[in-house]
Amino acid sequence: PPRQTLHWEQVVEYAFLADFDLLRDTRKDVSQRPWAHPTACFALGTYFKVCRAEEEIKRLNIEIHQVITYMCDEEHFLRTCEEKISNVHPALGHQVSQCHKLHSQFNGSHLKRLHDIAMLPGF
């Protein structure tokens, strides 16, 4: 029997392959294949998520070091700016001091959390 013509706008509207009926409307019914059953789909999906998670952990191990470096550099930069500006422009120096204090409040808890992550096996 003739099939309905798909338009690009219709295809784009589908959010997930599970909602996509194109595979059901082929000459061979692929829905009966072993890999099309929900248990197999779930197992395959889980397997690929684990593979991507391992890649993500490697990437995060690098990014954690970058975040720590950024936080330390920012701390040093704000402290230096505060010292230089306070003598020349006290009001601006006060604003930099406030910004420095605000960042310092959060940096301690973030650094503690990042340190705890760094102590995990596999880091």
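Please refer to the structure higher up on the page.
Every value quoted in this text rests on a predicted model; they were computed, and no experiment measured them. Sequence order sets the numbering: in each chain, residues are counted from 1 along the sequence as written. Only residues with pLDDT of 70 or above have their local features reported here, since the model is predicted, and side-chain atom pairs are shown and tallied only from 80 upward, although totals for entire chains, interfaces and linings are computed over all residues. Side-chain numbers come from the whole structure's heavy atoms, not from hydrogens or water.

## Focus: the packing of helix H2 (residues 38-88) against helix H3 (residues 90-118)
- Note on definitions: angles span 0 to 180 degrees between N-to-C directions of axes, and those axes are lines fitted to C-alpha atoms, for helices only across the stretch in contact. A run of H or I in DSSP counts as a helix once it spans at least four residues, and a run of E counts as a strand once it spans at least two, with each numbered from the N terminus. Between H2 and H3, the least distance of the axes is 9 Å, while the angle of their chain directions is 160°. With respect to H3, the element H2 is oriented roughly antiparallel. Between H2 and H3 lies a crossing whose hand is left-handed.
- Grouping the constituent residues of the contact of H2 with H3 by class yields 15 nonpolar, 8 polar and 4 charged. An angle counts as roughly parallel when it lies under 35 degrees, as roughly antiparallel when it exceeds 145, as roughly perpendicular when it falls between 65 and 115, and as oblique in every other case. What makes a crossing left-handed is the near helix being turned counterclockwise from the far one by less than a right angle; a clockwise turn instead makes it right-handed. Here the term charged refers only to Asp, Glu, Lys and Arg, the term nonpolar to Ala, Val, Leu, Ile, Met, Phe, Trp, Tyr, Cys and Pro, and the term polar to all other amino acids, Gly among them.

## Notes on a nonpolar patch on the surface
- Put simply, a patch holds well-exposed residues, over 30% relative accessible area, that have no salt bridge, with like charges counted together within 9 Å and Val, Leu, Ile, Met, Phe, Trp or Tyr side chains within 5 Å. Only the protein chains shown count as covering a residue, and every accessible area follows the Shrake-Rupley method with a 1.4 Å probe. For this analysis, a salt bridge means a side-chain nitrogen from Lys or Arg found within 4 Å of a carboxyl oxygen belonging to Asp or Glu. Taken together, the side chains of Trp 35, Leu 44, Tyr 47 and Phe 48 define a hydrophobic patch exposed on the protein surface, amounting to about 450 Å² of accessible area.
- Think of it in three bands: residues with accessible area under 20% of the maximum for their type are buried, residues over 50% are exposed, and the middle band is partly exposed, with areas taken using a 1.4 Å probe on protein chains only. By relative accessible area, which is 44% here, Phe 48 ends up partly exposed.

## A short note on H2
- Any helix carries an expected span of 1.5 Å times its number of residues minus one. Helix length check: H2 (51 residues) gives 69 Å between terminal C-alpha atoms against 75 Å at 1.5 Å per residue, within 8%.
- Among all positions in H2, only Cys 51, Asn 61, Ile 64, Met 71, Glu 74, Leu 78 and Cys 81 are buried.
- The contact criterion used throughout is that any non-hydrogen atoms of two residues lie within 4.5 Å. Looking at the buried positions of H2, the neighbouring elements they touch are H3.

## Examining the environment of Leu 78
- Relative to the elements of secondary structure, Leu 78 occurs in helix H2.
- On the basis of relative accessible area, Leu 78 is assigned to the buried category, the value being 11%.
- Separated by 18 residues in the primary sequence, Leu 78 and Val 96 have C-alpha atoms spaced 6.9 Å apart.

## Concerning the pattern of salt bridges
- Under the definition given, this model contains 4 salt bridges.
- For Glu 55, the salt bridge is made with Arg 52, and the minimal N-O distance between the two is 2.9 Å. A residue pair is termed a helical-turn pair when its members lie 3 or 4 positions apart in one helix, as Glu 55 and Arg 52 do in helix H2 at 3 residues.
- Residue Asp 116 pairs with Lys 112 through a salt bridge whose shortest N-O separation is 3.0 Å. Placement of the pair is Asp 116 and Lys 112 together in helix H3, with a separation of 4 residues, close to one helical turn.
- Among the residues examined, Asp 116 registers a relative accessible area of 35% and is labelled partly exposed.

## Brief notes about the environment of His 89
- Mapped onto the elements of the fold, His 89 is located in the loop between H2 and H3.
- Any pair of nitrogen or oxygen atoms within 3.5 Å is treated as a polar contact; in protein, a donor-acceptor pairing is required on top of that, and neighbouring residues in sequence qualify only through side-chain atoms on both sides. At a separation of 3.1 Å, a polar atom in the side chain of His 89 contacts the main-chain amide nitrogen of Leu 92.

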